[in-house]
Amino acid sequence: MTVDAAAAPSGGHHDAHDGVPNYLTHETGWKSWAFTIDHKRIGLMYLWSVITAFILGGVMALLVRTELMFPGETLMEADTYNQVFTLHGAIMVFLFIIPSIPAALGNFFLPIMLGTKDVAFPKLNLGSFYIYVLGTIFTLIAIIVGNIDTGWTFYTPYSVGRNVTGADVSVVWMTLGVFVLGFSSILTGVNFIATVHKMRAPGLHWKRLSLFIWGIYATSVIQVLATPVLAITLFLLMMEKTLSIGIFDPQLGGDPVLFQHFFWFYSHPAVYIMILPGMAVVNELIATFSHRKIFGYMFVAMSSVSLALLGFLVWGHHMFTSGMSEYSTMVFSALTFLVAIPSGVKIFNWVATLYEGSISFASPMKYALAFIALFTIGGLTGLFLGILSVDIHLHDTYFVVAHFHYVMVGGTVFGFLGGIHYWWPKMLGKMYNERWANVAFWFVFVGFNVTFMSQFIMGSQGMPRRYYDYLDQFQPMHMASSGGAYILGVGFIIMGINFLRSWKSGEKAPPNPWGSAGYEWMTTTPPHPHNFAETPVMIRGPYDYDLCTELELFEGFHEDFEASKTSTKKKKKKA
Amino acid sequence: MSVHEHHGPAYLAHHFETPQQQFDTAKLGMWAFLAQEILFFSGLFVAYGIYRTWYPEAFSVGSHLLDWRMGGINTVVLLVSSFTAAMAVQRAQLGDKKWTGHLLIITFLCAGGFMVVKYFEYTHKIHVGILPGQYFGCPGFDCSVPPGHHFVEEVGAAIDAAHHNAGAGMVPYHLRSFFGIYFIMTGLHGLHVLIGMGLIIWIWRKNNRGDFSPEYNTPVDIFALYWHLVDLIWIFLFPLLYLID
Amino acid sequence: MTYQPPEGTLQLPPQMSTIAPEVDAMYYDIYWISVAFTVAIYAAMLWFMYKYRRRPGRKAKPTGHSDALEIFWTFTPLILLGWLFHAGFQGYIAGVYAPEDSIEIRVKAQQWLWEFEHPGGVIDVPNELKVPVNQPVELIMSSADVLHAFFVPVFRVKRDIVPGMYTSLWFEATHLTGPQTCDDSTPCDDGETCYWGSCIPTCESDADCVPALGNASFCGGRINDDERICAYPVFCAEYCGAMHDNPNTSGAFNDPRGLGRNSNHSTMLADLRVITQEGYDSFLALGPPPPASCIPADDPSCDSEECLTCWGQVLATQQGCPSCHSTDGADGTAPTWKGLWGRDRTFEAGVAGVTADAAYITESIREPQARIVQGYTQAAMQPFRLSDKQIAAITAYIRSLN
Ligand code: HEA
Ligand code: HEA
Ligand code: CUA
Ligand SMILES: [Cu+2]
């Protein structure tokens, strides 16, 4: 097992640490991972899993981009292409981005930031992980047994594939996989909600919660309330496919538009399952690297909650051309604009936090700043799509593809990467090479913009999405987009090597390398198996930099004081 | 585990500070879970609502093919079991191990009774061929044999009953969708009953072991919450499926 | 006659319909609003990043808070958003209800081709949509299998086509898609033939002329060899799959353009031609023009027996007649066409002595059940809606089989 190696990549190195137990080394052997109920270990197992899924989805993306470099057949047949983009979308959404931040980083840090020993239901937490694994297995079966080429949206009647050229039985496996993955997501949400409500350390009242926790909490609410609807939708789809019950198949008297309503009732809220955790991470990064509490803390916290709730009311904006009534389109369009407000509140408050801060540009912060820049573009182009008359033209073109990559990659993935860079030292106790991290950042940032900016242009010019082949007029833009994707790929490879090297032979991480006031930096590095040797009492907020001494910020807290001096050196160099 | 410095009574898990906290957390978690259960079923109710409006004829005939007496018995049985589950909670809170056990058994028997009735309903439908989707009119899921006279008689009678006079109409095509919805809804509900029965066994054994006390009876309480929801869903399913005209 | 196609911008294709300018105005409104917000946010960010970069001896100021500021940036955008919604909705509603005087064209979408049925039942060749200029057109659309979507970028219209229901959409084209009016005194340019008042490209085959996915440069529409626009694309915007089972099947269904490629969602393209009202009227009267490859240079309106025969053969294949009628004398489910012309027919009803002439063949196509040939009662031929000229072509073809 890969995760096992994490425990002791460099022998006794960790234990050299004056006897303070840490969660990586206090138990060893594969069983100590496979049956662990420690949220930190489960978080790490999720982390490796979602990274694997991301690489898989990323390779699919590169195949897509290579095929689209030229019109006509470049690499593969139309049929194969359709499977590749379907798998790209499905893997990225269901296996990667939904569990990414909440299940990996959230699992690891939520209890620590709450000052508690574990999540509310540790066994359930491990259960969720194995349900995730089971769902993944079903998904892989779908890939092996047939050609799953429905798009990640599984629209009927194509996905039912009866009496028409359509998808085959692999749809049943795929939807079963996603169905199962959904329960993993639901149970994680249930767990987090109970944890946040009931397990806060003494002194940690709601107004002191880290904004990371507010974000994850809002996400959990959506996970619990939206995912079951997807589950039942997919269940009905499986029944339609196997028993022909006539719910979604028009040939049997069913309604394909009903499927779309059901699907988006989940999948729009799901986009906030994706972005809220990204925003949650960015809050931590902006605060830490500006050495300042987030401006308008309560407004930012409430904006997460209101995004979660408003997110339930706008699903119809994916269906403006579907043949819904005009009244529905009107209501959905109006509500769509409302979600811009809480998103805007976040952006404005982040920018205001920079004002009069003391800003460091370490690699995690670069991702956070890039998040703001890219999410602004992604979000504003979402408004283009919310405008009824404009969406009619842009729907199902590359403009939409560019929009959602700007929010999902430019937003969530950048937030995730920022979070990994930020917490890597805490999680594994190792530093990575900052210079290479910066190089990777620039590759990813530039590559990303080249890839998807060109897609905005071809999209508004009318290039439809899910096209294997295209008119010559779109060639230059497709070429640029593919080139960008390769740059992006190089960036990820550099980043991957950097992390692998750190993991194997990285410098030992100081307890608080970034000089953060966040609660998670108050414990030892890597954390104690119970997070804190003793239940902490929170006497200040996680962003109260003015209440921390210089020494605390740069040397770490508590018992770890003299553990390391390296951090000061690093900081001085930066400044 | 060397790092386990333990505190408090045995039932208190290591990551909780007080039994009260543990209880509140479990309860909140269960409520969150029930919220997802409701949304899970609500998708089905929406589908039901839409197709009932579209195909009132098929739904009316379909409902006449269901035996309201069987459904009625099951409703009563589940209501009783909900009541005994609530009683079990109260007994457990009082530390009455004996009656907690008895009440759990009664609840279990009611749940079992419910499943037995369901079993007879299902086997009869399978035998006759009143099945969902493409298997409608296929006795025993075998579409190579034509529907037998049972099928013809039953469906004919239901059509007559739905029209309040004899020889009134044809077999509505969308009966197959009605039975699709019927089997999915009652099937998923039945699955919940089975899971509930499993939970009862688990709690009953804990009770026998003497795990519960006035201080600690969370599992009984949590189970009862779940059981009430299962009951509640049936309270909606019964009239919507069996009693429409 | 020189023809200037309208031009697009970097972001948007040419505007060819009445609603296109409105949609574009809306697009640019939100575009500039977005640019303004983006620039403001970036500028503030960069300025703060520079001014408050971490320096020795400078500490961050503790964060204050300002409810006024929060309320300001919560509610001000709301006004802007309210306006955006309102304007967008109006533009949308304008595109929903077709004007009273619209003509109706029925669209049938299937994997993976388009079929357009014009008023009077004239069905054009697959993947070809002709519409008159300056005339509202309403499309009534249905699908034979899965979801499709009708999308014309230059019109800024799109609508899903949902199996089991009809959806509709309307537009009014404002520009011709090519130099269209022609007669003996105003001939077409090279590479085009004047046919029924319209210039249509002359090419060896459809594939040459319409490089649907080929390799000519593009200027908003498709072009023929002479870099002249002859059509704009109609896309299928809703994903509708590809063939997996047997990649080698060919034929009209799988490869309607004869491009030697398998069809799928991305090749489900139709040619949009906006033509003059006169051209459209004659199209309605006469049916779709013959394939360019049948038209000889000296006979642009295809009156010669030779041209008609060539066209008739193409038409018969397109309409699927050979699936029942053989041309080699073998009688199958239907009587063979070989030697049919001029022969005496005997019918089920017993009538005899009718000669197979033009009038009889016309009747047999339009009302096949009127008189049934003796011995052919197992298979029933459906009536076909073909224009007089098309029937003349098929008749010529049948005649040529003697
Ligand atoms: C992380 C995921 C994510 C996020 C956060 C969003 C956010 C938004 N999305 Fe996006 N969206 C997707 C993922 C996401 N989307 C996906 C995956 C699809 C396609 C699915 C598919 O078909 O496969 C999609 C498709 C999609 C459509 C359907 C397009 C179509 O198919 O025709 C629409 C239409 O309204 C839309 C709108 C929006 C809006 C209004 C927001 C808003 O939340 C954005 C709000 C943010 C801002 C507006 C920017 C910051 C605000 C300010 C700076 C304030 C000031 C601004 C003003 C007052 C103007 N999205
Ligand atoms: C989280 C979600 C997510 C992410 C991250 C991405 C990432 C990317 N996506 Fe994807 N995409 C979707 C979600 C996502 N996408 C969805 C939902 C769809 C719609 C599907 C549908 O229509 O059904 C879609 C569709 C989609 C299309 C449209 C296909 C079509 O309509 O025909 C395209 C085309 O360019 C594309 C490209 C890319 C690219 C270039 C990336 C890049 O950002 C990818 C970058 C990653 C890599 C390049 C991998 C790098 C890793 C390595 C090289 C290994 C490193 C080694 C070690 C660490 C050891 N995506
Ligand atoms: Cu038809 Cu896509
Ligand atoms: Cu959405």
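Criteria and thresholds
Residues numbered from 1 in each chain as written. Chains lettered and ligands numbered in written order. Predicted model: local features only at pLDDT ≥ 70, side-chain atom pairs only at ≥ 80, totals over all residues. Heavy atoms only, no water. Helix = DSSP H or I, 4+ residues; strand = E, 2+ residues; numbered from the N terminus. Rg over C-alpha atoms; globule rule 2.2 N^0.38 Å. Buried < 20%, exposed > 50% of the residue type's maximum accessible area, 1.4 Å probe, protein only. Contact = heavy atoms within 4.5 Å. Buried area = accessible area lost by both parts, 1.4 Å probe. Salt bridge = Lys/Arg side-chain N within 4 Å of Asp/Glu carboxyl O. Polar contact = N/O pair within 3.5 Å; in protein donor to acceptor, adjacent residues only side chain to side chain. Nonpolar A, V, L, I, M, F, W, Y, C, P; charged D, E, K, R; others polar. Expected span 1.5 Å × (residues − 1). Arc of directions from axis to C-beta. Donors = N, O, S within 2.8 Å, 3.2 Å for Na, K, Ca; no water. Core = buried A, V, L, I, M, F, W, Y, C linked by side-chain atoms within 4.5 Å. pLDDT = per-residue confidence, 0-100. Pairing = 2+ DSSP bridges. Axes fitted to C-alpha atoms, helices over the stretch in contact; angles between N-to-C directions. Near = heavy atom within 4 Å.

A. Representation of the overall build of chain A. For chain A, the helix and strand inventory stands at 18 helices and zero strands. For chain A, the C-alpha radius of gyration of 23 Å lies close to 25 Å, the compact-globule estimate for 575 residues. The burial tally for chain A puts 74% of its 575 residues in the buried class. For chain A, the proportion of contacts with a sequence separation of at least 24, taken over those separated by at least 6, is 81%.

B. Representation of unusual backbone geometry in the model. Residues and elements named next belong to chain A. Look at the link from Thr156 to Pro157: it is a cis peptide, with omega at 0 degrees. Along the chain, the position of Pro157 falls in the loop between helix H5 (122–145) and helix H6 (170–198). Following Thr525, the chain continues to Pro526 via a peptide bond in cis, the omega torsion being -15 degrees. Tracing the sequence through the fold places Pro526 in the loop between helix H16 (475–505) and helix H17 (550–555).

C. Broad picture of the interface of chain B and chain A. If you look at the interface, chain B gives 41 residues, while chain A gives 46 residues. Of the roughly 3,500 Å² buried between chain B and chain A on both sides combined, carbon and sulfur atoms contribute 72%. Put simply, chain B and chain A have one salt bridge between them. The shortest N-O distance in the salt bridge between A:Lys117 and B:Glu17 comes to 4.0 Å. Taken together, the links from chain B to chain A amount to eleven residue pairs in polar contact (both at pLDDT 80 or more). Counting residues per element, the ones that place at least two in the side of chain B that touches chain A are helix H1 (19–54) and helix H6 (175–209) of chain B. At 19 residues, H1(B) tops the list of elements feeding residues into the side of chain B that touches chain A. Across the side of chain B that touches chain A, the residue classes break down as 23 nonpolar, 14 polar and four charged.

D. Layout of the pattern of salt bridges. All names here are of chain C. Counted under the stated rule, the structure contains 20 salt bridges over all chains. When the shortest N-O distance is used, the salt bridge between Lys130 and Asp124 registers 2.8 Å. A relative accessible area of 7% places Lys130 in the buried class. For Asp124, a relative accessible area of 3% gives the class buried. The salt bridge partner of Lys389 is Asp303, with a shortest N-O separation of 2.8 Å. Pair noted here: Lys389 is in helix H7 (residues 388–400) and Asp303 is in the loop between helix H4 (277–286) and helix H5 (305–319), with a separation of 86 residues, a long-range link. Bridged by salt links that share partners, the residues Asp124, Glu128, Lys130 and Arg273 form one connected network.

E. Quick look at helix H5 (residues 149–163) of chain B. Residue and element names in this part refer to chain B. Given a rise of 1.5 Å per residue, 15 residues ought to cover 21 Å, and the 21 Å separating the end C-alpha atoms of H5 matches this to within 8%. All buried positions along H5 are accounted for by Phe151, Val155, Ala158, Ile159 and Ala162. Seen end-on, H5 carries its buried residues on one side only, within an arc spanning 100 degrees. Elements that come into contact with the buried residues of H5 comprise helix H2 (56–64), helix H4 (97–128) and H6.

F. Representation of the interface of chain A and chain C in the model. Taken together, the 99 residues of chain A in the interface contact 90 residues of chain C. For the pair chain A and chain C, the summed buried surface comes to about 8,200 Å²; carbon and sulfur atoms form 66% of the total. Counting across the interface, chain A meets chain C through one salt bridge. Here C:Lys61 and A:Glu356 are joined by a salt bridge, their closest N and O atoms 3.3 Å apart. Our enumeration of links across chain A and chain C arrives at 26 residue pairs in polar contact (both at pLDDT 80 or more). Contributing elements (two or more residues each) for the side of chain A that touches chain C: helix H4 (78–114), helix H8 (256–290), helix H10 (326–338), helix H11 (340–354), helix H12 (363–386), helix H13 (388–394) and helix H15 (434–460) of chain A. Of the residues contributing to the side of chain A that touches chain C, the split by class is 52 nonpolar, 31 polar and 16 charged.

G. Here's a closer look at the coordination of the iron atom of ligand 1. Residues and elements named next belong to chain A. The protein supplies the iron atom of ligand 1 with one donor atom, His403 (NE2), which lies at 2.2 Å. A gap of 4.4 Å separates the iron atom of ligand 1 and the copper ion (ligand 4). Structurally, His403 can be placed in helix H14 (residues 398–428).

H. Summary view of the nonpolar core. Counting 349 residues, the largest nonpolar core has A:Phe212, C:Trp114 and C:Phe150 as the members making the most contacts within it. Among the elements that take part in this core, H4(A) stands out by supplying 24 residues, more than any other. Beyond its immediate sequence surroundings of up to four residues, A:Phe212 is in contact with A:Ile101, A:Leu105, A:Gly106, A:Phe109, A:Leu110, A:Met113, A:Ala280, A:Val281, A:Glu284, A:Trp423 and A:Tyr543.

I. Up close: the coordination of the copper ion (ligand 4). All names here are of chain A. At 1.8 to 2.1 Å from the copper ion (ligand 4) lie its protein donor atoms, namely His268 (ND1), His317 (NE2) and His318 (NE2). Donor residues binding the copper ion (ligand 4) come from one chain and are separated in sequence as H-x48-H-H. By relative accessible area, which is 22% here, His318 ends up partly exposed.

J. Spotlight on the confidence of the model for chain C. Residue and element names in this part refer to chain C. On average, residues of chain C score 79 in pLDDT, and 80% of them reach the 70 mark or higher. Confidence scores differ between elements of chain C, with strand E11 (residues 222–223) showing the lowest mean pLDDT of 40 and strand E5 (residues 136–143) the highest of 96. Contacts of residues 203–229 to residues separated by more than four positions or lying in other chains number 74 contacts, the stretch itself having pLDDT below 50. For residues 246–260, every residue scores under 50 in pLDDT, and the model assigns this stretch 37 contacts once sequence neighbours within four places are set aside.

K. Just the side chain of A:Asn82, in detail. Its place among the elements puts A:Asn82 in helix H4. Residue class for A:Asn82 comes out buried when judged on its relative accessible area of 2%. Setting aside residues no more than four positions away along its own chain, A:Asn82 makes contact with A:Ile148, A:Asp149, C:Tyr239, C:Gly241 and C:Ala242.

L. Spatial organisation of the sheet that holds E5(C). Residues and elements named next belong to chain C. Read across the sheet, five strands follow the order E3-E2-E1-E5-E8 without closing on themselves; strand pairing throughout is mixed. At either margin of the open sheet sits one strand with a lone partner, and together these are strand E3 (122–123) and strand E8 (167–172). Each of strand E1 (103–110), strand E2 (113–118) and E3 touches H4; the most contacted strand, E2, lies at about 90 degrees to it.

M. Inspection of the site of ligand 2 at higher detail. Residue and element names in this part refer to chain A. Residues in close proximity to ligand 2 total 36 residues, the closest being Arg65, Tyr81, His88, His405 and Arg466. Within the side chain of Arg65, an N or O atom sits 2.7 Å from an oxygen atom of ligand 2. At a separation of 3.4 Å, an oxygen atom of ligand 2 approaches a polar side-chain atom of Tyr398. Elements with a minimum of two residues in the shell around ligand 2: helix H3 (39–67), H4, H14, H15 and H16. If one sorts the elements of the shell around ligand 2 by residue count, H4 sits on top with eight residues.

N. Summary view of the site of ligand 1. With respect to spatial proximity, 33 residues lie near ligand 1, and among them A:Trp152, A:Tyr272, A:Asp391, A:His395 and A:His403 are the closest. Per-site note: the chains with residues close to ligand 1 are chains A and C. Between ligand 1 and the protein, one listed contact pairs an oxygen atom with a side-chain N or O atom of A:Trp152 at 2.8 Å. Take A:Gly386: an N or O atom from its main chain is 3.3 Å from an oxygen atom of ligand 1. Listing elements by their share of the shell around ligand 1, those giving two or more residues are H8, H11, H12 and H14 of chain A together with helix H1 (20–51) and helix H2 (67–94) of chain C.

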